[in-house]
Amino acid sequence: MTTPIVHAAVQNSIPEAVSQCLLDLKSKNEKVQESAVEKLRSYVDAEGRDRTNESYGGFLGDLTKRIFDMIGSSDPSERVGGIMALDALISGEAEENSMLVSRFANLLRLILPCNDVPSMVMASKALGKLARHGGTIVADMIEFEIKRAFEGLNVSDARATEAKRLASVLVLKELAENAPTQFNSYVPELVERIWVGLRDSRVSVRTGAVDALRASLVVMSTRRSDTRQNIYMRMYNEAVKSFRQNNPDATHGSLLVFKEMLLHTGEFLTTRFREVCSNVMSCRDHKDVLIRRTTINLIPVLAQYNADMFMSDHIVVATSYLLQTLKKSVADKGPAFLALGELAMIARDSVIPIVEDLFRLVRESLAVKGKKVVVVPEAYRCVKLLAMALGAQCQPQLTVTLPSLVSNGISRDVVDALTEIGRSVPALREEVQWILLDLISYVLRRRPYDRPSGGSSSSIARRRKVEVPQTLGTMTVPNDSPDMRDMTVLALETFSKMPTESAPTGQFMRASVLPRLEDNDGSVRKAAALCCSSLLMREKDTDNITAQEASLTSEALERLLIVGVSDPEPTIRLAVLNTMDSRFDSFLAQADCIRSLFIALNDEAFQIREAAICLIGRLTQRNPAYVVPSMRKMLIQLLTELGMSICSLRHFLPTRIPVCAILLIFIVWNEYRIRL
């Protein structure tokens, strides 16, 4: 009978809002979990301000018990939610609190190791955060975790090997990144022990081990040169030894080590570069797909390390091999495209002989085959890198390839490729801008962008060579689907960066962007708000604009202010207020806008109140007769609340007092300016 009573007491000591956050953290929806953890962090901060030290300590103890139950759950979503809650507490509460550091570390040890890889990754990151924010009191904890991780690498129990080894390499990587000073003395031991993980039969363990090695190499960069050289030599010899074992797992581990040494050991491999190239290129036809992909990824790294030697000895073999891979191997197409693009950035003119064949393979990889769309995303990135590397030299091939780039609708890779083409090939800039506008319009309006009638823009429209297909994938995507949401956000972000010189955007913004400020999805509302602000801020002087432009600006700002005051998500309200540029002051200084901004002074989030008061203070230059009296009234109200409050003073220090100070500064400054 005692357990229910104790549990009820724990439940009652935690506010209902915090309990709701913990409940939301058990959700299988990542968006719900992310929102819940932000709210939890805010509520915990509020409890810290409102409670006495003793009461707050009891609250944290009860909250930790609830998190303990979540972390120990068999439900992966609930376990992840518990780790997220613990991570939210670490930065604010762990510093210089030895009891909490010990408690948090013990909770994380429940998951390190476990059979759930995502949970282990999150727990290791939380442990690294604890090491970073724990101050001087975490030294013993860090030392214990490092030694525990070394022991886990050498565990011999077959059933526990993968979990323990993976947990060990994850922990070592996070501690090296977050506690480099203390980890520095353990780097030589890690270099000796890490090969157990680098030769492990599981890919996850090998990749985790090389991540830990990479972090250790970064830490080791602060050591004396002779010490580094000795460690590098032992590492290189072990990599060559492992490479010659004729074991796929060991070979893959050695290739990963070669890559990290090329990137992080400076000139150490200069005298051994030919041997490294020979070893790497000998694996290009290996029967193991992972080894082939690693070899492909290493080719541009080799070229970057010693371009002259690689160009003279290996460029022909490397490019021929990558082209053959694109023609024969479906599984390796993505890495091969990316490698060729990166190689073009290094070799420049040396890849011109293969450009024609490469662009033909790009077009084939982006073709729509029947009803099935087969897309290799790396092909878009390859085109982007080729445009960046060769510029106008590949204009003919880019012109032919543009229809293939847009045949599958909008995506971030498509937008990045088209944007780079417009930047690197001036002759195609206007064409690319119209293509992007069509893609954006298909997402937001389900039809092409409206062409202007008459003028130079019309002549541009008549010269267009590429027509965006009307049967895009976006036409069949439901409006309320996650894919459509992501495409809408991308379209709004792209439109906000579009140059407006060659095409009018005002009416499109009114018809297609402003309505998105009322969308049900918060990410769409935020993207629409930022898009509107970006487009409006392009006006050089809002005091000298046409009546039509003034009407559009006034309408857009009015709707933006509504979002900035009443949107249910604090991050969106803050983002809107932060975009209110001084160029809008002639509109914001009107009475209706000022009233809306004063409403924001009562927002529950201090950052929003701070942004609002700074914005209002700036407007005293435009409309002091309306702003200053209201500022005085607000200042008197805040000072009265501060003087008569029975709550602890620390509740007001981070909230009311800064607002009072800002108000007073603006009032005094305005009076001084008027008298001058």
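Only a predicted model underlies this, so the values are computations on that prediction, with no experimental measurement involved. (Residues numbered from 1 in each chain as written. Predicted model: local features only at pLDDT ≥ 70, side-chain atom pairs only at ≥ 80, totals over all residues. Heavy atoms only, no water.)

> Quick question: what am I supposed to make of unusual backbone geometry here?
For residues that are not glycine, phi is negative in most cases, and the peptide bond is trans in most cases. The linkage connecting Leu112 with the following residue, Pro113, adopts the cis geometry, with an omega of 10 degrees. Its location among the elements puts Pro113 in the loop between α6 (98–109) and α7 (117–133). For Arg348, which is not glycine, the phi torsion reads 55 degrees and is therefore positive. The residue Arg348 is located in the loop between α20 (333–347) and α21 (355–365) in this model. In this model, Arg446 sits at a positive phi of 65 degrees, which is unusual for a non-glycine residue. For Arg446, the position within the fold is in the loop between α25 (429–444) and α26 (455–462). Taking relative accessible area as the criterion, Arg446 reaches 27% and is therefore assigned partly exposed. (Helix = DSSP H or I, 4+ residues; strand = E, 2+ residues; numbered from the N terminus. Buried < 20%, exposed > 50% of the residue type's maximum accessible area, 1.4 Å probe, protein only.)

> In this structure, what is going on with the nonpolar core? I would like to understand it.
A general trend in soluble globular proteins is that nonpolar side chains are found buried together. One finds Ile194, Phe310 and Leu418 to be the most contacted residues of the largest nonpolar core, which totals 208 residues. Here Phe310 is in contact with Phe273, Cys277, Ile299, Leu302, Ala303, Ile315, Ala318 and Leu343, once residues within four sequence places are set aside. (Core = buried A, V, L, I, M, F, W, Y, C linked by side-chain atoms within 4.5 Å. Contact = heavy atoms within 4.5 Å.)

> Please clarify how the confidence of the model for the chain should be interpreted in this entry.
The predicted coordinates should not be examined in detail at positions where pLDDT is low. On average, the chain scores 82 in pLDDT, and the residues at 70 or more come to 83%. The least confident element of the chain, judged by mean pLDDT, is helix α1 (residues 2–13) at 42; the most confident is helix α15 (residues 248–264) at 95. The low-confidence segment residues 454–463 (pLDDT under 50) makes eleven contacts with residues lying over four places distant or belonging to another chain. Across residues 646–657, where pLDDT falls below 50, the model places 25 contacts with residues more than four positions away in sequence or in other chains. (pLDDT = per-residue confidence, 0-100.)

> What am I meant to see in the pattern of salt bridges here?
A side chain of one charge can pair with a side chain of the opposite charge if their charged atoms are brought near each other. Counted under the stated rule, the structure contains 36 salt bridges. Glu145 is the salt-bridge partner of Arg148, the closest N and O atoms lying 3.4 Å from each other. Placement of both Arg148 and Glu145 in helix α8 (residues 139–153) is noted, with a separation of three residues, approximately one turn of the helix. What makes Arg148 partly exposed here is its relative accessible area of 27%. When the shortest N-O distance is used, the salt bridge between Arg214 and Glu260 registers 3.0 Å. Of this pair, Arg214 sits in helix α13 (residues 203–220) while Glu260 sits in helix α15; the two residues are 46 residues apart in sequence, bridging distant segments of the chain. Each of Lys125, Lys173, Glu174 and Glu177 takes part in salt bridges that share partners, so that together they form one network. (Salt bridge = Lys/Arg side-chain N within 4 Å of Asp/Glu carboxyl O.)

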